[in-house]
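The primary structure of each chain is shown beneath.
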Amino acid sequence: MSNKTSSLSSFNSSSLKQTEAEAFAFRKLLEHMKWRNETIQNIEMMNLTGFCRNCLAKWLLLGKKNVRLKSTYELCQEEVYGMTQKEWKEKWQSKATEEMLEKFKSGQEMHAKHPKDLMTTTTTTTTLEAATLPLTQPRYYSGGNNNTNNRMLSDVCCEDIEEDAVCINRGGGGGDGTNSGDGNSDISFGIITVSDRAFNGVYEDISGNVVMRETIETYFTTDDVSKSSTHIIKGYKLVPDEEEEIAKAIVYMSDELKCDVILTTGGTGLAKRDVTPEATKSVLTREVKGIAESLRAHARRYEKHAALSRAVAGLRKNQSLIVNLPGRPNAVSSSLGVLLPMLRHAVRQLKS
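The notes below deal with the structure included here. These numbers come from a predicted model, not from an experiment. (Residues numbered from 1 in each chain as written. Predicted model: local features only at pLDDT ≥ 70, side-chain atom pairs only at ≥ 80, totals over all residues. Heavy atoms only, no water.)

1. Quick notes on helix H11 (residues 206–219)
Note that an α-helix has 3.6 residues per turn; residues three or four places apart therefore point the same way. As a reminder, the rule being used: The bend at a residue is defined as the angle formed between two axes, one fitted to the seven residues ending at that residue and one fitted to the seven starting there. Numbering of helices and strands starts at the N terminus; helices are DSSP runs of H or I of at least 4 residues and strands are runs of E of at least 2. What qualifies as a polar contact is a pair of N or O atoms within 3.5 Å, subject to a donor-acceptor requirement within protein and to the restriction that residues adjacent in sequence count only when both atoms come from side chains.
The sharpest bend along H11 comes to roughly 25°, located at Met 212. Near the N-terminus of H11, the side chain that reaches the backbone nitrogen of Gly 208, with its oxygen 3.0 Å away, is that of Asp 205.

The following block contains the structure:
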């Protein structure tokens, strides 16, 4: 039990330091803006950067949702503005000049597009319960020409931050990013641990049987999950580093157990017996390279050897998504933090 507890509670110190450094930079940005309340207007921020104080408040809210902190848009606005938005507007907001308005109008291609009725008082005052949403990569525009130095678009500006709307706007259904209308969000999992030593009883399977199982169960039992949805672990297998055994386990969980998502842990490095990627590719119908690339990109921020991972991801018969994860418990936990928010959308596409 002590080994399980220590592995689940341990964290990557470099990751924590990186997060603290980024939080410090965010606090200094807010401090800088508060010092210049009178001289930095929201419309000027929009004209220059494509985002404003309200965007920062929404990014802060989405960040809190991702670490399961309850908050509201209004509370996050107070943190950004240093007071309520209404108080700030009464104290600091000045009338926009004709030049500002013209620049704002001409630069609307930089601004996020949205339905007129998204930002309503009923949705912005709703308490946002603990939930995890993917933080999307910024969109880009070319400025109407062939300039390769594309400018970033705010992915939250003027968007409703109620969860249903965010899920739709960030890809809640069809492949085009729109809601497919498919209400079935059930997800079933299969877990495969690949390790000679764990298979031979040298040590306990912490990565697969503890970290993966508990992380998945915790993630999918938050209060925001609809009671009509179920997220279950259908199968678990511990296999040695043998390509044939790994492939057989994946096929069994896909074809027999009909698991929507099959996660493997271990065997993705450069050692002679690291054959999980080869075994996985042998039973895939199509690769989904973006998933493996995203996991490696995330890991490279904290782990200097992350680029040595050969992990792959893909589909089998368009019914199961298979993803290779690392072998170390900390690395598995970190990877799941990136992967799990993608799965509702991925499985919805598979079932559509």
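Now that the structure is up, let's keep going.
2. Focus on the nonpolar core
Which entries qualify depends on this criterion: By convention a nonpolar core is built from buried Ala, Val, Leu, Ile, Met, Phe, Trp, Tyr and Cys residues, the set being connected through side-chain atoms within 4.5 Å. Exposure is judged per residue with a 1.4 Å probe applied to protein chains only, and the accessible area is read against the type maximum: over 50% gives exposed, under 20% gives buried, and values in between give partly exposed. Note on definitions: a residue-residue contact is assigned when non-hydrogen atoms from the two residues lie within 4.5 Å.
Among the nonpolar cores identified, the biggest contains 26 residues, and Phe 189, Leu 263, Val 323, Leu 325, Leu 339 and Leu 343 are the most heavily contacted of them. Within the residue set of this core, elements represented by two or more residues are strand E3 (187–194), H11, strand E5 (261–265), helix H14 (289–300), strand E7 (313–316), strand E8 (320–325) and helix H15 (329–351). Per-element tally for this core: the top contributor is H15, with 7 residues. Beyond its immediate chain neighbours, meaning those up to four positions away, Phe 189 contacts Ile 216, Phe 220, Ile 232, Ile 233, Lys 234, Gly 235, Cys 259, Val 261, Leu 263 and Leu 343. Core analysis: the next-biggest nonpolar cluster, separate from the first, contains 15 residues, Ile 192, Val 239, Ile 246 and Ile 262 among them.

3. Thoughts on helix H12 (residues 243–256)
Defined as follows: Given the number of residues in a helix, its expected span is that number minus one, multiplied by 1.5 Å.
In this model H12 runs 19 Å from its N-terminal to its C-terminal C-alpha over 14 residues, within 8% of the 20 Å that 1.5 Å per residue would give. Within H12, the full set of buried residues consists of Ile 246, Ala 247, Ala 249, Ile 250, Met 253, Ser 254 and Asp 255. Trailing H12 by a residue or two, Lys 258 shows a phi angle of about 60°, which is positive.

4. Some details on the packing of aromatic side chains
So the rule is basically this: Any pair of Phe, Tyr and Trp rings, taking the six-membered ring for Trp, is counted once the centres come within 6.5 Å. Such a pair is stacked with planes under 30 degrees apart, edge-to-face with planes over 60 apart, and tilted for the rest. By definition, being over a ring means that NZ of Lys or CZ of Arg is both within 6 Å of the ring centre and within 35 degrees of the ring normal.
Scanning the model with the defined rule gives 2 aromatic pairs in all. When the ring of Phe 51 is compared with that of Trp 59, the centres are 5.6 Å apart and the planes differ by 55°; the resulting orientation is tilted. Above the plane of the ring of Tyr 236 lies Arg 213, whose end atom (NZ or CZ) is 5.7 Å from the centre. When the ring centre of Tyr 252 is taken as origin, the NZ or CZ atom of Lys 237, which lies over that ring, is 5.4 Å away.

5. Focus on the side chain of Arg 296
Worth spelling out the cut-off: We count Lys and Arg on the positive side and Asp and Glu on the negative side, and we leave His and both chain ends out. By definition, a salt bridge exists where a carboxyl oxygen of Asp or Glu is found within 4 Å of a side-chain nitrogen of Lys or Arg.
Relative to the helices and strands, Arg 296 is located in helix H14. Buried within the structure, Arg 296 lacks any salt-bridge partner; its nearest side chain of opposite charge belongs to Glu 293, at an N-O separation of 6.0 Å. At 3.3 Å, the side chain of Arg 296 and the backbone oxygen of Ser 309 are in polar contact.

6. What about unusual backbone geometry?
With glycine set apart, most residues show a phi of negative sign, and most peptide bonds adopt trans. Phi is positive for Lys 258, close to 60°, though the residue is something other than glycine. Relative to the helices and strands, Lys 258 resides in the loop between H12 and E5. With a phi angle near 55°, Lys 317 is a residue other than glycine that sits in the positive phi range.

7. Overview of the packing of helix H4 (residues 53–66) against helix H5 (residues 73–81)
Stated formally: Axis lines are fitted through C-alpha atoms, for helices just across the contact stretch, and the angle between N-to-C directions can take any value from 0 to 180 degrees. Each angle receives one of four descriptions, namely roughly parallel if under 35 degrees, roughly antiparallel if over 145, roughly perpendicular if within 65 to 115, and oblique otherwise. A crossing counts as left-handed when the near helix is turned anticlockwise from the far one by less than a right angle, and as right-handed when that turn is clockwise.
Between H4 and H5, the shortest axis-to-axis distance is 8 Å and the interhelical angle comes to 120°. Regarding the angle of H4 to H5, the classification is oblique. Handedness of the H4/H5 crossing: right-handed. Where H4 approaches H5, its residues Arg 53, Asn 54, Leu 56, Ala 57, Lys 58, Leu 60, Leu 61 and Lys 64 are matched on the opposing element by Tyr 73, Cys 76, Gln 77, Glu 79, Val 80 and Tyr 81.

8. Quick look at the environment of Thr 215
Structurally, the position occupied by Thr 215 is in helix H11. We classify Thr 215 as partly exposed; its relative accessible area is 22%. Separated by 117 residues in the primary sequence, Thr 215 and Val 332 have C-alpha atoms spaced 9.7 Å apart. Once residues within four sequence positions are removed from consideration, Thr 215 is found in contact with Val 210, Leu 336 and Leu 340.

9. What about the environment of Asn 37?
With respect to the helices and strands, the residue Asn 37 is situated in the loop between helix H2 (13–35) and helix H3 (42–49). Taking the C-alpha atoms as reference points, Asn 37 and Lys 91, separated by 54 residues in sequence, lie 9.1 Å from one another. Sequence-distant contacts of Asn 37, that is, excluding residues within four places in its chain, are made with Arg 53, Trp 88 and Trp 92.

10. Some details on the pairing of E7
Selection rule: Note on pairing: DSSP must find at least two bridges between two strands before they are called paired.
Across the two faces of E7 the burial is the same, with Ala 313 and Leu 315 and Gly 314 and Arg 316 all buried. In this sheet, E7 lies alongside strand E6 (residues 286–287) in antiparallel orientation, the contact comprising 2 bridges. For Glu 287, the partnering residue across the bridge sits in E7 and is Gly 314. In terms of strand pairing, E7 meets E8 through 4 bridges, oriented antiparallel.

11. Details of the pattern of salt bridges
Counting across every chain of the model gives 10 salt bridges. Between Glu 22 and Arg 301 there is a salt bridge, with its nearest N and O atoms 2.4 Å apart. With Glu 22 in helix H2 and Arg 301 in the loop between H14 and E7, this residue pair connects regions lying 279 residues apart in the sequence. On the accessibility criterion, Glu 22 (36% relative accessible area) is partly exposed. The partner of Asp 260 in a salt bridge is Lys 351, and the shortest N-O contact between them spans 3.6 Å. Separated by 91 residues along the polypeptide, Asp 260 in the loop between H12 and E5 and Lys 351 in helix H15 bring together distant segments of the chain. With relative accessibility at 10%, the residue Asp 260 sits in the buried group. Residues joined in a network through salt bridges with shared partners are Asp 196, Glu 242 and Arg 273.

12. Points about the packing of H11 against H15
Quick note on the threshold: Under the scheme applied, nonpolar residues are Ala, Val, Leu, Ile, Met, Phe, Trp, Tyr, Cys and Pro; charged residues are Asp, Glu, Lys and Arg; polar residues are all the others, including Gly.
At their nearest, the axes of H11 and H15 sit 10 Å apart, and the two run at 35° to each other. The handedness of the crossing between H11 and H15 comes out as right-handed. Between H11 and H15, the contacting residues are Ile 206, Ser 207, Val 211, Met 212, Thr 215, Ile 216 and Tyr 219 on the first element and Pro 329, Val 332, Ser 333, Leu 336, Leu 340, Pro 341 and Arg 344 on the second. Among the residues making up the contact of H11 with H15, the classes are represented as 10 nonpolar, 3 polar and 1 charged.

By themselves, these figures tell us nothing about what the structure is for.
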